[in-house]
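Residues per chain are reported as follows:
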Amino acid sequence: MPANRFNGYTDLGIGIGLRIPHYGHILTKKPTVDWFEIISENYMCDAGRPLEVLDQILEQYQVIQHGVSLYFGSTDRMDRLQLKRLKELVKRTKTPFLSDHLCWGSVDGTYTHDLLPMPYTFAAAKNTARRVREVMDYLEVPIIVENVSSYAEFHVSEMTEWEFLTEVVERADCGILLDVNNIYVSSKNHNFDPYEYLNNIPHGRVGQMHIAGHSKYEKYILDTHDHPVLDPVWKMYAHAVRKCGPTSTLLEWDAHIPSFEEVHREARKAKKFLNAVKDRKDAAAVMATA
Amino acid sequence: MTNGKTRQTLGELRELQRLTGAVIMRPLSRQWRMRRKWIDDRDMRIVAGEFIKPNDRLSSFERIEIYNKQYWFRLIDSFYGDFPGLRAVLGRLKFNRLTCAYLTEHPSRSYTMRNLGRNLPQFIAKHPELAAPRFDLALEMARFEWAQVEAFDGPARPALTVDDLLGKDPAKLHLAIQPHISVLKLKYPLDDYAIRLKKSGLRGEASNAIEEDAPEKPGRKRRVLIPRPKQTFVVVHRHDNSLYYKRIEEEGYRLLNSLSKGATLVEAIKSAFKGDPDPGLVREWFETWTELGWFCKP
């Protein structure tokens, strides 16, 4: 199941996000890394240092593009200039597939630069799926959509989040980037069982997984990406890879970023869970050694 | 159908996103909280309750407030990343106030945050009270720092070499300046000031992380004295993909300015110098500028 039509039939292993504080280390030490994820928007520029670094990385590594501004759930028309620039980058990186979020973030041409939660309605699912298809047609690469963490829910919702995710990906015929940490965060913020979520999505459409750390506050959990992955998330991850198969996985660490080695070490913990599924080992035994 | 209600239409989805967007992008109170009253003077708790579900720990107001705060914290943080010198000039509170006023009038219209500050110099010029009593310095700093954003990753066209210019008739030769380069006439020596700020550690790395607290409070950083006025001519450019500020002479500024406005080389040199130009000096400038890749075909 790991290599499927939603991830361009790739089985990449464990990746980490390409972040500025690590540029020097990566370019000089050339560490062994399965793949790097880039934030597309950081490289959708005309010229300069970002593209120079990207080209050097591309000489050595597989790069997968992850976006934060397609806003599949918005009701605006797609920005053609944005798509054109994104396609130029797709050609440059030769990313076998591309991911962005199941959210909205702009309205009437004004951008919030946030990943805002969707109202889980059929109209929203239909609109979102149409936009995913439009982007796939234009970019000519498979797309996987990522579930976001959220802190608010709309009265108007007509279904659960996982039903909405399923409705969108089946209508669009696209894949899922399953962010296990986001499910955990949202489950705490909205009082649902995260395993019910994991059990009730189309597992065959999962093309990649994300894991990350979060921060607990008195009344809610915030998706901060500034910690190692916490135990409940590893546990859910183990369950997810049992359901979906050993899927290529990325560790997100976007704030208070430690050394490259520390981030890479944390990411490589996921390998034990992937191998356990391959070897049919018990998750609890893996947790004890992770 | 769900709960006996009719399903949401696409038009209703758009209206819901308009309302949510308006709530999220509305300026915060002085205490960095969501405002208590909506634009029509209704209690914001009632307005939020109409479209956001509460849970067992947070009211509808508190839940949407998380997004309202995140919006402003993220954008102010991004702005600080692009305009650290402006914040040093104005101080944290005035900088935050200016940023909020600016983004209220000029919310982002682009998928990238890179362009957020494009209209800031014009905005400061229009609202001098927001930068008082350092209006002049703030305006100049905004121009200088926006030029750096442009130079960092703006477009570059094939650079002309010295060989490209050899044998050309200067009376007919037109040269364009690279689109990512800004040739600035400043009232303050902001190039020196920016370097002192960087050395003092006042410029922090921008972060996209979600922050729970209000935009960064000042830590223990060495204070850098505000510069005294001194007319300065600076070219903000990049070379080998690194950002540089190059100080130039007033005549050099006039020359480059004329060229960028479409003058021929002879016309530009004539307009740059009050008397007869020193041919050796002009040649030296052109050799340096060409080597730095500043010129391209118009």
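What you are looking at is a predicted structure, and each value in this text was computed from that prediction instead of being measured.

Colleague: Could you give an account of the overall build of chain A, naming the residues involved and the relevant values?
Modeller: The number of helices and strands found in chain A is ten helices and twelve strands. Each of the 290 residues in chain A was classed as buried or not, and the buried ones make up 54%.

Colleague: I'd like to hear about helix α12 (residues 279-291) of chain B, residue by residue, with values.
Modeller: Count 3.6 residues to each turn of an α-helix, and residues three or four apart come out pointing the same way. End to end, α12(B) covers 18 Å across 13 residues, agreeing with the expected 18 Å (1.5 Å per residue, within 8%). Positive backbone phi, approximately 80 degrees, marks B:Gly293, located one or two places after α12(B).

Colleague: So, the environment of B:Ala268: which residues are in play, and what are the values?
Modeller: Residue and element names in this part refer to chain B. Counting through the fold element by element, alanine 268 comes out in helix α11 (residues 265-272). Note: C-alpha distance between alanine 268 and alanine 88 (180 residues apart in sequence) is 37 Å. Non-local contacts of alanine 268, meaning those with residues more than four positions away in its chain, are made with Leu255, Ser258, Leu259 and Ala263.

Colleague: Give a description of the domain arrangement of chain B that names residues and reports values.
Modeller: Residue and element names in this part refer to chain B. Splitting chain B by domain gives domain 1 (9-153) and domain 2 (156-189 + 227-298). Taking the mean C-alpha position of each, domain 1 and domain 2 sit 38 Å from one another. Contacts between domain 1 and domain 2 engage ten residues on the former and eleven residues on the latter. In terms of residue class, the side of domain 1 that touches domain 2 is made up of five nonpolar, one polar and four charged.

Colleague: Quick rundown of the packing of helix α10 (residues 250-260) of chain B against α11(B)? Include the residues and the values.
Modeller: All names here are of chain B. Relative orientation of the contacting elements α10 and α11 amounts to 145 degrees, with a least axis distance of 8 Å. The element α10 and its partner α11 pack so that their crossing is right-handed. Between α10, through Glu251, Arg254, Leu255, Ser258 and Leu259, and α11, the contact on the second element is made entirely by Glu267, Ala268, Ile269, Ser271 and Ala272. Taken together, the residues of the contact of α10 with α11 break down into five nonpolar, two polar and three charged.

Colleague: Any details on the interface of chain B and chain A? Residues and values, ideally.
Modeller: Across the boundary between the two partners, chain B contributes 48 residues, which contact 49 residues of chain A. Within the residue set of the side of chain B that touches chain A, elements represented by two or more residues are α1 (10-24), α3 (60-82) and α7 (135-153) of chain B. Top element by residues in the side of chain B that touches chain A is α1(B). It accounts for nine residues.

Colleague: Explain the packing of helix α2 (residues 44-51) of chain B against α3(B) to me, using residue names and the numbers behind them.
Modeller: Residue and element names in this part refer to chain B. One way to put it is that α2 packs onto α3 with a least axis distance of 8 Å and a crossing angle of 85 degrees. Classified by the interaxial angle, the pair formed by α2 and α3 is roughly perpendicular. Residues Met44, Arg45, Ala48 and Gly49 of α2 form the contact with α3, whose participating residues are Ser60, Phe61 and Ile64. When the residues that make up the contact of α2 with α3 are grouped by side-chain class, the tally is four nonpolar, two polar and one charged.

Colleague: I'd like a description of the nonpolar core, backed by residues and values.
Modeller: As a rule of thumb, soluble globular proteins bury nonpolar side chains together. Grouped together as the largest cluster of nonpolar side chains are 151 residues, with contacts concentrated most on A:Val145, A:Val180, A:Tyr237 and B:Ala138. For this core, the two domains that each supply at least three residues are domain 1 (9-153) and domain 2 (156-189 + 227-298) of chain B.

Colleague: Run through the sheet that holds strand β3 (residues 232-239) of chain B, naming residues and quoting values.
Modeller: Residues and elements named next belong to chain B. The antiparallel open sheet is built from three strands, whose spatial order is β2-β3-β4. Each edge of the open sheet is held by one strand with a lone partner, namely β2 (182-186) and β4 (242-247). This sheet shows a mean twist of 25 degrees between the axes of neighbouring strands, independent of strand direction. Along the sheet, α7 contacts β2, β3 and β4; its crossing angle with β2, the most-contacted strand, is approximately 165 degrees.

Colleague: Describe α3(B), with residues and values.
Modeller: Between the first and last C-alpha of α3(B) there are 34 Å, a value that for 23 residues agrees with the 33 Å anticipated at 1.5 Å per step. Counting buried positions along α3(B) yields 21 of 23 residues, so the element is predominantly enclosed.

Colleague: Describe the sheet that holds strand β8 (residues 175-179) of chain A, with residues and values.
Modeller: Strand order in the closed barrel formed by eight strands is β1-β2-β3-β4-β7-β8-β9-β12 (chain A), and the pairing between neighbours is parallel. Sheet twist, expressed as the mean angle between neighbouring strand axes with direction ignored, is 30 degrees.

Colleague: How would you summarise unusual backbone geometry if you had to cite specific residues and measurements?
Modeller: All names here are of chain B. In this chain, alanine 132 is followed by proline 133 through a cis amide linkage whose omega measures 0 degrees. Locating proline 133 in the fold gives a position in the loop between α6 (120-126) and α7. Not every positive phi belongs to a glycine, and aspartate 240 is a case in point at roughly 50 degrees. Mapped onto the secondary structure, aspartate 240 falls in the loop between β3 and β4.

Colleague: Explain the environment of B:Gly262 to me, and be specific about the residues and the numbers.
Modeller: Following the sequence through the fold, B:Gly262 ends up in the loop between α10 and α11. We classify B:Gly262 as exposed; it has 12 C-beta atoms within 10 Å.

Colleague: Any details on the environment of A:Gln65? Residues and values, ideally.
Modeller: Residue and element names in this part refer to chain A. Within the secondary structure, glutamine 65 sits in strand β3 (residues 63-66). Residue classification places glutamine 65 among the buried residues on the basis of 25 C-beta atoms within 10 Å. As for glutamine 65 and glycine 17, which are separated by 48 residues in sequence, their C-alpha atoms are 9.9 Å apart. Residue contacts for glutamine 65: discarding those within four places in its chain leaves Ile38, Ser40, Leu89, Val90, Thr93, Thr95 and Leu98.

Colleague: So what's going on with the pairing of β3(B)? Residues and values would help.
Modeller: All names here are of chain B. Burial runs high along β3: seven of the eight residues are buried. Judged from the five bridges that link them, β2 and β3 form a sheet pairing that is antiparallel. Considered in β3, the bridge of valine 183 is made with valine 235. The loop that links β3 with its antiparallel partner β4 comprises two residues; one of these, aspartate 240, has a positive phi angle of about 50 degrees.

What counts, and at which threshold
Residues numbered from 1 in each chain as written. Chains lettered and ligands numbered in written order. Predicted model: local features only at pLDDT ≥ 70, side-chain atom pairs only at ≥ 80, totals over all residues. Helix = DSSP H or I, 4+ residues; strand = E, 2+ residues; numbered from the N terminus. Buried ≥ 20, exposed ≤ 12 C-beta atoms within 10 Å, placed from the backbone. Expected span 1.5 Å × (residues − 1). Contact = placed C-beta atoms within 7 Å. Domains from an automatic or database assignment. Nonpolar A, V, L, I, M, F, W, Y, C, P; charged D, E, K, R; others polar. Axes fitted to C-alpha atoms, helices over the stretch in contact; angles between N-to-C directions. Left-handed = near helix turned anticlockwise from the far one by under 90°. Parallel < 35°, antiparallel > 145°, perpendicular 65-115°, else oblique. Core = buried A, V, L, I, M, F, W, Y, C linked by C-beta atoms within 7 Å. Pairing = 2+ DSSP bridges.

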